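The primary structure of each chain is shown beneath.
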Amino acid sequence: MAAEAPIAAQPLEGEALAHTTFTPIQEPRPSPASEDQGCANNCLISTALAGILCSKKCDVGRVVADFAFFPPDPPTYSVPTEEDDIQRIDFNYRELDCDPAYASLRRTDGVAGRCSGRLLTTKRGSRTPCFYFARPGADACLLYLHANATDCGAMLPTYAAFSRRLDVHVLAGEYSGYGPATKSATPRNVEADAEALYDEALRLGFAADQLILYGQSVGSGPACYLAARRECRGVVLHSPIASGIRALVAPGCCSPVYVYGCLDPFNNAREAKKIKAPVYVVHGTRDDEVPIEHGKMIVANAQQAHEPFWVAGAGHNDLLEVAGDAFFVRLKAFLLAVGKKDDFAVGARQRRRITGLTARPELNGAVVDIVTVESAQRVRVRLVAEPH
């Protein structure tokens, strides 16, 4: 699986995550998964993989770890504690340490918009950090499983912005072998990491039907694994892989997709058939690293596929930039659509201040009472106070 460009979230003004800059760590290159390599090349690739598999004592997890996981080296952050509660994090890169967007999140005390942090112990013995951004008044909790070539330290401002823009709690977990987490990144370890994160959400007091599983790229693997086995409200897959081998090479004559199909890790296309919750897929049409066919395969296999969002012109690492505000509008619509039935019935007064409107910016700052929620896209309000 090709290494990805991590999200390097810049200081955010208000809710302007749409203008976040994405800083690649390398020049993008086409992936072998984007086109059939031909029968002869596929045979060579399958033979080479057989040799690698033998050298790893037929341990598929060790083979996948060499190809699929690219943790930042050194990690972007560390946690100066071995206790369960994390009081602060230290950034290992000067660019992050001097950036106000990161510096403001260094303390993990859960105060003033900052997150709280804990070290989890998984069933496979890993110690993995997780970070919780509480959103007062929110009902849903987004369990965020991040992409490759990044870690939770680099993603902290993004988690905070997702919480604000989507009006949800966000609980983000680290993978074994990433950041200060112990052990190495293998499919089984990462799946155990996701299960520990789910259990942490329950410990925090959330019910299973309040949880939204969010998997980005390689994070779609543990997200689908979890959703196929544990109850949740919905699943969001951001540039997902259809399977681990398909992310390395395209199907075709003698392709490893078929030769090693029974050993395929993170087989999301197969897991999607078991997921009972609604599944929402967003994928770029010009993604050369994980082609859009991966997302389409998952949509085709899902029991409850929500209308997907194919972002025209977006690649693997610039999807949020290209999609702009539409990314959050569509995602918020999905969250409303899968919300509890009483989400649409407004009983007690719900007063809100309008923010983030781009179509009618003159209304930003107005205070309104929500009267009725007619659909995921239409809300009737009563004006209480004009914008300042």
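Structure first, text after, so check above.
Please read these numbers as outputs of a predicted model, since none were measured by experiment.

Chemist: Mind laying out the packing of helix H5 (residues 152-166) against helix H12 (residues 325-337), listing which residues take part and the relevant values?
Modeler: At a minimum axis distance of 10 Å, the contact between H5 and H12 shows a crossing angle of 60°. With respect to the hand of their crossing, H5 and H12 are arranged in right-handed fashion. In this structure, H5 contributes Phe 162, Arg 165 and Leu 166 to the contact, and H12 contributes Asp 325, Phe 327, Phe 328, Leu 331, Lys 332 and Leu 335. Among the residues forming the contact of H5 with H12, the class breakdown is six nonpolar, no polar and three charged.

Chemist: Just give me the short version of the sheet that holds strand S11 (residues 309-311), but keep the residues and values in it.
Modeler: Taken in spatial order, the nine strands line up as S2-S4-S5-S7-S6-S8-S9-S10-S11 in an open sheet, and their pairing is mixed. The open sheet has two free edges, formed respectively by strand S2 (85-86) and S11, since each of these has just one partner strand. Note that strand S6 (residues 141-145) and strand S7 (residues 169-173) share five bridges and pair parallel. Across the sheet, residue Leu 143 finds its bridge partner in S7, namely Leu 171. Across the sheet, helix H10 (residues 292-301) is in contact with strand S9 (234-238), strand S10 (279-284) and S11; its angle to S10 comes to roughly 165°.

Chemist: Give a description of the packing of aromatic side chains that names residues and reports values.
Modeler: A complete count under the given rule lists 13 aromatic pairs for this structure. Ring centres of Phe 91 and Tyr 102 lie 5.5 Å apart, and the angle between their planes is 85°; on these two criteria the pair is classed as edge-to-face. Here the residue Phe 91 occupies a position in strand S3 (residues 90-91), and Tyr 102 occupies one in helix H4 (residues 100-103), the gap between them amounting to 11 residues. The same class applies to Phe 91 and to Tyr 102, which are both buried. Ring centres 5.0 Å apart and planes at 80° place the aromatic pair Phe 327 and Phe 328 in the edge-to-face group. Feature note: the residues Tyr 144, Tyr 159, Phe 162, Tyr 214, Phe 327 and Phe 328 constitute an aromatic cluster, connected by ring pairs.

Rules used throughout
- Residues numbered from 1 in each chain as written.
- Predicted model: local features only at pLDDT ≥ 70, side-chain atom pairs only at ≥ 80, totals over all residues.
- Heavy atoms only, no water.
- Axes fitted to C-alpha atoms, helices over the stretch in contact; angles between N-to-C directions.
- Helix = DSSP H or I, 4+ residues; strand = E, 2+ residues; numbered from the N terminus.
- Left-handed = near helix turned anticlockwise from the far one by under 90°.
- Contact = heavy atoms within 4.5 Å.
- Nonpolar A, V, L, I, M, F, W, Y, C, P; charged D, E, K, R; others polar.
- Pairing = 2+ DSSP bridges.
- Phe/Tyr/Trp six-rings, centres within 6.5 Å; stacked < 30°, edge-to-face > 60°.
- Buried < 20%, exposed > 50% of the residue type's maximum accessible area, 1.4 Å probe, protein only.

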